[in-house]
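Single-letter residue listing:
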Amino acid sequence: MSRQSGPKGPSQRMLRVGELVRHALADVLQRGEVMDPVLEKHVITVPEVRMTPDLKLATAFVMPLGGKDEEKVLKALDANRKQLRMIVVKRLALKSAPDLRFRIDDSFDRGSQIDALLRSPEVARDLRVDEPEDER
């Protein structure tokens, strides 16, 4: 019987390995261990890494500081994917090297959209506790 992430979400192992990969990637990018002119110009945060159940694919969600040059940064990360993969594997001593895939992290944008929605007058009106009519 195989253990796959279904409605329950990712397993503890997937979360642990994803967090290890995230830390290693963030450290490599912070130290500038990959010689790429685009990556050297940007401070890149890695808020999350999601692993597949077989731990063979790691999707790293990244965001350049200030949200500038997202496409350039993604292209540079993809171009240096093999080098990043080898550095991560050496640091973590994993059995197999997960293939790295990079995506722009849009969770901050979604969070601000939800915040704006919750602060809208229509939602505030619906959330307001109405007094019973006989107390008015």
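Okay, so let's go over this structure. The written sequence of each chain sets the order in which its residues are numbered from 1. Local features in a predicted model are, by the rule used here, given only for residues with pLDDT of at least 70; side-chain atom pairs are given and counted only at 80 or more, and totals for whole chains, interfaces and linings are based on all residues. Side-chain figures throughout are based on the complete set of non-hydrogen atoms in the structure, without hydrogens or water.

Things to note about a nonpolar patch on the surface
Now for step 1: Together, I114, L118 and L127 give the surface a local cluster of nonpolar side chains, amounting to about 320 Å² of exposed area.
Now for step 2: Going along the chain from the N terminus, every DSSP run of H or I of four or more residues is numbered as a helix, and every run of E of two or more is numbered as a strand. Considering the arrangement of structural elements, one finds L118 in helix α5 (residues 107-118).
Now for step 3: With a 1.4 Å probe rolled over the protein chains alone, any residue whose accessible area is under 20% of its type maximum counts as buried; one over 50% counts as exposed, and the rest are partly exposed. Judged by its relative accessible area of 49%, L118 falls in the partly exposed class. Without a salt bridge and with relative accessible area above 30%, a residue can belong to a patch; like charges are then joined within 9 Å and nonpolar side chains (Val, Leu, Ile, Met, Phe, Trp, Tyr) within 5 Å. Per-residue accessibility takes into account occlusion by the displayed protein chains alone, with areas from the Shrake-Rupley method and a 1.4 Å probe. Salt bridge, as applied in this entry: a Lys or Arg side-chain nitrogen positioned within 4 Å of an Asp or Glu carboxyl oxygen.

What about the nonpolar core?
Now for step 1: Membership of the largest hydrophobic core comes to 26 residues, with the highest contact counts inside it found for V21, L25, L84 and F102.
Now for step 2: For this core, the elements supplying multiple residues, two or more each, are α1 (12-31), β1 (44-51), β2 (57-64), α3 (70-79), α4 (81-92) and β3 (99-104).
Now for step 3: In terms of residue count, α1 provides more of this core than any other element does, seven residues in total.
Now for step 4: Here, two residues are considered to be in contact whenever any of their heavy atoms come within 4.5 Å of each other. Beyond its immediate chain neighbours, meaning those up to four positions away, L84 contacts L25, V28, L29, V34, L77, L100 and F102. Residues enter a nonpolar core if they are buried and are Ala, Val, Leu, Ile, Met, Phe, Trp, Tyr or Cys, with the set joined through side-chain atoms within 4.5 Å.

Describing the pairing of β1
Now for step 1: Two strands are said to pair when DSSP picks up at least two bridges between them. Pairing between β1 and β2: six bridges, direction antiparallel. When the sheet's bridge partners are listed, M51 is paired in β2 with A58.
Now for step 2: Counting the residues in the hairpin turn of β1 and β2 gives five residues, including L55, whose phi is positive at 60°.

Points about the side chain of D36
Now for step 1: Among the structural elements, D36 can be located in the loop between α1 and α2 (37-41).
Now for step 2: The positive count covers Lys and Arg only, the negative count covers Asp and Glu only, and His and the chain ends enter neither. For the buried D36, which has no salt bridge, the nearest side chain bearing the opposite charge is K41, at an N-O separation of 8.6 Å.
Now for step 3: Side-chain atoms alone can form a polar contact between residues adjacent in sequence; in general such a contact is a pair of N or O atoms within 3.5 Å, and within protein one must be able to donate a hydrogen while the other accepts it. Separated by 3.0 Å, the side chains of D36 and N80 make a polar contact.

Details of the packing of α1 against α4
Now for step 1: Two elements in contact, α1 and α4, have axes separated by 10 Å at closest approach and are oriented at 120°. Considering the angle they form, α1 stands oblique to α4. Handedness of the crossing formed by α1 with α4: right-handed. Mapping the contact onto sequence places L20, V21, A24, L25, D27, V28, L29 and R31 in α1 and L84, I87, V88, R91 and L92 in α4.
Now for step 2: Taken together, the residues of the contact of α1 with α4 sort by class into ten nonpolar, no polar and three charged. Helix axes are fitted to C-alpha atoms over the stretch in contact, other axes to C-alpha atoms as well, and angles between N-to-C directions run from 0 to 180 degrees. Here the word oblique covers every angle except those under 35 degrees (roughly parallel), over 145 (roughly antiparallel) and from 65 to 115 (roughly perpendicular). Throughout, a crossing is termed right-handed when the near helix is turned clockwise from the far one, and left-handed when it is turned anticlockwise from it by less than a right angle. Residues are grouped as follows: Ala, Val, Leu, Ile, Met, Phe, Trp, Tyr, Cys and Pro are nonpolar; Asp, Glu, Lys and Arg are charged; all remaining types, including Gly, are polar.

A word on α4
Now for step 1: Its twelve residues give α4 an end-to-end C-alpha distance of 16 Å, which sits within 8% of 16 Å, the value for a rise of 1.5 Å per residue.
Now for step 2: Along α4, the residues classified as buried are L84, I87, V88 and V89.
Now for step 3: Among the structural elements, α1, α3 and β3 are those in contact with the buried residues of α4. A helix's residues, less one, multiplied by 1.5 Å, set its expected span.

A word on the pairing of β2
Now for step 1: Most of β2 is tucked away, with seven of its eight residues classed as buried.
Now for step 2: Both β2 and β3 contribute to a ladder of six bridges, which runs parallel. Across the sheet, A60 pairs through a bridge with F102, a residue of β3.

Some details on the environment of H42
Now for step 1: Considering the arrangement of structural elements, one finds H42 in the loop between α2 and β1.
Now for step 2: In this structure the C-alpha to C-alpha distance between H42 and E70, which are 28 residues apart in sequence, comes to 10.0 Å.
Now for step 3: With near-sequence residues (within four places) excluded, H42 lies in contact with P64, K68, D69 and V73.
Now for step 4: Separated by 3.0 Å, the side chains of H42 and D69 make a polar contact.

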